[in-house]
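Residue strings, one per chain:
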Amino acid sequence: MHKTATKLADGRALFYYDRGPGTLRDALDERPLEPAASLSETRLDPVLGEWVTVAAHRQQRTYHPPAGECPLCPSREGRLSEVPAGDYQVVVFENRFPSLAPDSAAHVTAHDEPLRTLRPGTGRCEVVCFAPDHDASFADLDEAKARLVLDAWTDRTAELSALPDVQQVYCFENRGEEIGVTLAHPHGQIYAFPFVPSRTTRMITRAEAHRASTGRNLFEDLVAAERAAPERLVLQGEHWTAFVPFAARWPYEVHLYPHRRVRDLTALDEAERAEFPRLYLDLLRRFDRLFPAPAGSAPNRTPYISAWHQAPKDGGDELALHLELFTIRRAPGKLKYLAGVESGLDAFVTDVNPEAAAERLRGIVPG
């Protein structure tokens, strides 16, 4: 991997990732941009003990632009974008409308009052563009390109984890308007949080309790149990296993674990990195074939969220790196909406039996 660092017109960092040296990345951002102030706050919910980010300035972010005005496509004559180069392989840059930003402390004052704890929304939000082709998707990448994305995620995890205010790095992709995506270009995001999100905290608590009661690691036991009982397995490699979780929340949900427990992306070895692209692309292509498109229409692209769960910077030694992939589509033309019990009480009701979901995914020929 070869990395080229540069700056956008308003001072935000941008990084080009190429498979090897030799590509000149010297295009300058010629847009007349002024630095944007981040007014992000994080507020502690006194009832649940969870941090909530307030980022009201994001109301002005780009929303469903025409394809010809996409800010993630390469720049061209007469149309300058967030990517100054006329082409790229993978590119990462600081979000212009971030939920969290390093300069929040300059605009937001922390205070502690009874039941009202507020902190500046320090941290960082980055955009990861997987391909220059506006109409592509991650599943369209070849294995070498998917490996380059993995290397970019790893590099950003290492750099962002080193920032003093960052507690956890979260790499993810939202795909599809049904999920809430406002830019159609194939891309993901990285959030560098100044706190440990509640889902991670709950996983740490469960893993520590499992260690205390059994003397073993929860995630190692989980992967071993799923590999030994194949009714929920979807894919297995030499170094990774993908399975539908026993208590899946979403209609079609797959978790992908390396067999060797590691804390985060930076700890994967070369053999694990080399095998990941093939299995991950296979999973994405199976998801795209869950609900075939009608004859004569464009290829189906299943809406999904795909996210890496990594241990926080401090603590969380019992956690295991893994990827969670799920869709909100439960049947052709039907979505799984989070209604009263899910949104109101965080008590999920799933529409598809997990064993049936695994069987269906196994039976799909990814093509």
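We now turn to the structure provided with this report. The numbering scheme is per chain: residues are counted from 1 as the chain's sequence reads. Totals for whole chains, interfaces and linings use all residues, but because this is a predicted model, local features are given only for residues with pLDDT of at least 70 and pairs of side-chain atoms are given and counted only at 80 or more. To get the side-chain values, all heavy atoms of the structure are used, and hydrogens and water are removed first.

Right, let's talk about the pattern of salt bridges for a bit. Any Lys or Arg side-chain nitrogen found within 4 Å of a carboxyl oxygen on Asp or Glu counts as a salt bridge. One pass over the full model with this rule turns up 35 salt bridges. Where Arg 25 meets Asp 18, a salt bridge forms, and the shortest distance between an N and an O atom there is 2.6 Å. Just as Arg 25 is buried, Asp 18 falls in that class too. A salt bridge links Glu 231 to Arg 232; the shortest N-O distance between them is 3.7 Å. Note on classification: 1.4 Å probe, protein chains only; a residue is buried when its accessible area is under 20% of the maximum for its type, exposed when over 50%, partly exposed between these limits.

Let us now look at the nonpolar core. Phe 138, Trp 153, Phe 276, Trp 308 and Leu 361 are the most contacted members of the largest nonpolar core, which totals 54 residues. Leaving out residues up to four positions away in the same chain, Trp 308 has contacts with Leu 150, Trp 153, Tyr 170, Cys 171, Trp 240, Leu 265, Phe 276, Leu 321, His 322 and Leu 323. Throughout this description, the term nonpolar core refers to a set of buried Ala, Val, Leu, Ile, Met, Phe, Trp, Tyr and Cys residues connected via side-chain atoms within 4.5 Å. Counting residues in hydrophobic clusters, the runner-up holds 14 residues, among them Leu 8, Leu 14, Val 127 and Cys 129. Two residues qualify as a contact provided that any one of their heavy atoms is within 4.5 Å of a heavy atom in the partner residue.

Further remarks concern the sheet that holds strand S1 (residues 2-7). The strands making up a sheet associate through backbone hydrogen bonding, with each pair oriented either parallel or antiparallel. Within the open sheet, the 11 strands sit side by side as S1-S2-S5-S8-S10-S9-S14-S15-S13-S12-S11. Their pairing is antiparallel. Looking along the sheet, the strands with just one partner apiece sit at the ends: S1 and strand S11 (233-236). Geometrically, the sheet is characterised by an average inter-axis angle of 20° between neighbouring strands, direction not taken into account. Paired strands are those between which DSSP finds at least two bridges. Helix numbering and strand numbering both begin at the N terminus, where a helix is a DSSP run of H or I of at least 4 residues and a strand a DSSP run of E of at least 2. Judged from the four bridges that link them, strand S2 (residues 13-18) and strand S5 (residues 90-94) form a sheet pairing that is antiparallel. If you follow Leu 14 over to S5, its bridge partner there is Phe 93. Angles shown run from 0 to 180 degrees and are taken between the N-to-C directions of axes, each axis being a line fitted to C-alpha atoms and, for helices, limited to the stretch in contact. In this fold helix H4 (residues 270-288) packs onto strand S9 (168-175), S11, strand S12 (240-243), strand S13 (252-258), strand S14 (304-309) and strand S15 (322-327), with an angle of close to 10° to the strand it touches most, S15.

On to the packing of aromatic side chains. Any two of the Phe, Tyr and Trp rings considered here, Trp counted by its six-membered ring, make a pair once their centres fall within 6.5 Å; the pair's planes then place it as stacked at under 30 degrees, edge-to-face at over 60, or tilted in between. Inspection of every chain in the model, using the stated rule, returns 19 aromatic pairs. Measuring from ring centre to ring centre gives 4.8 Å for Phe 130 and Phe 138, while their planes differ by 70°; the resulting arrangement is edge-to-face. For Phe 130, a relative accessible area of 1% puts it in the buried group. Exposure remark for Phe 138: the relative accessible area of 1% places this residue in the buried category. Here the aromatic rings of Trp 250 and Phe 326 are separated by 4.5 Å at their centres, their planes lie at 10°, and the arrangement is stacked. In this pair, Trp 250 sits in the loop between S12 and S13 while Phe 326 sits in strand S15, placing the two residues 76 residues apart along the sequence. Positioned above the aromatic ring of Phe 15, the side-chain terminus of Lys 3 is 4.7 Å from the ring centre. Throughout this description, the term charge over a ring refers to an Arg CZ or Lys NZ atom that lies within 6 Å of the ring centre and within 35 degrees of the ring normal. Its end group placed over the ring of Tyr 16, Arg 25 keeps NZ or CZ at 5.3 Å from the ring centre.

Another point: the pairing of S12. Burial along S12 is two-sided: the residues Trp 240 and Ala 242 and Thr 241 and Phe 243 are all buried. In the sheet, S11 pairs with S12 via three bridges, with the strands oriented antiparallel. By the bridge assignment for S12, Leu 235 is matched with Ala 242. Linkage of S11 to S12, two consecutive antiparallel strands, is achieved through a turn of three residues. The sheet contact formed by S12 and S13 spans four bridges and is antiparallel. By the bridge assignment for S13, Phe 243 is matched with His 255.

The subject of this paragraph is helix H6 (residues 354-363). Of the positions making up H6, those classed as buried are Pro 354, Ala 357, Ala 358 and Leu 361. All buried residues of H6 fall inside an arc of 100° around its axis, so they share one side. Turned more than 90 degrees away from the buried face of H6, the exposed residues are Glu 359 and Gly 363. Considering only its buried residues, H6 is in contact with S11, S13 and H4. Structurally, the start of H6 carries an N-cap: the backbone nitrogen of Glu 355 is 2.9 Å from a side-chain oxygen of Asn 353. Think of it as the arc spanned by the lines of direction from the helix axis to the C-beta atoms. In the analysis that follows, any N or O atom pair within 3.5 Å is treated as a polar contact, provided that within protein one partner can donate a hydrogen and the other can accept it, and provided that, for residues neighboring in sequence, both atoms belong to side chains.

A few words now on the packing of helix H1 (residues 143-161) against H4. Running from N to C, H1 and H4 point in directions that differ by 120°, and their axes come no closer than 9 Å. Judged by the inter-axis angle, H1 sits oblique to H4. Our pair here, H1 against H4, has a crossing hand that is right-handed. Residues Glu 143, Ala 146, Arg 147, Leu 150, Asp 151, Trp 153 and Thr 154 of H1 form the contact with H4, whose participating residues are Glu 270, Arg 273, Ala 274, Phe 276, Pro 277, Arg 278, Tyr 280 and Leu 281. Taken together, the residues of the contact of H1 with H4 break down into eight nonpolar, one polar and six charged. For classification purposes, an angle smaller than 35 degrees is called roughly parallel, one larger than 145 roughly antiparallel, one from 65 to 115 roughly perpendicular, and anything else oblique. Two helices that cross are described as forming a left-handed crossing if the nearer one is turned anticlockwise from the farther one by less than a right angle, and a right-handed crossing if clockwise. Residue polarity is assigned by list, with Asp, Glu, Lys and Arg as charged and Ala, Val, Leu, Ile, Met, Phe, Trp, Tyr, Cys and Pro as nonpolar; anything else, Gly included, falls into the polar class.

On to the environment of Pro 65, then. Turning to its location among the elements, Pro 65 is positioned in the loop between strand S4 (51-54) and S5. Those residues in contact with Pro 65, other than ones at most four positions away along the chain, are Cys 70, Pro 71, Thr 182 and Leu 183.

Taken together, the four strands give an open sheet; going across it, the order is S4-S3-S7-S6, and neighbouring strands pair in antiparallel fashion. The sheet terminates laterally at S4 and strand S6 (111-113), the two strands that pair on one side only. Ignoring which end each strand starts from, the neighbouring axes of this sheet average 20° apart. For strand S3 (residues 41-44) and S4, the ladder comprises four bridges, and the chain directions are antiparallel. Across the sheet, the residue bridging to Leu 44 is Trp 51, located in S4.

Function-wise, these values are silent; they only describe arrangement.
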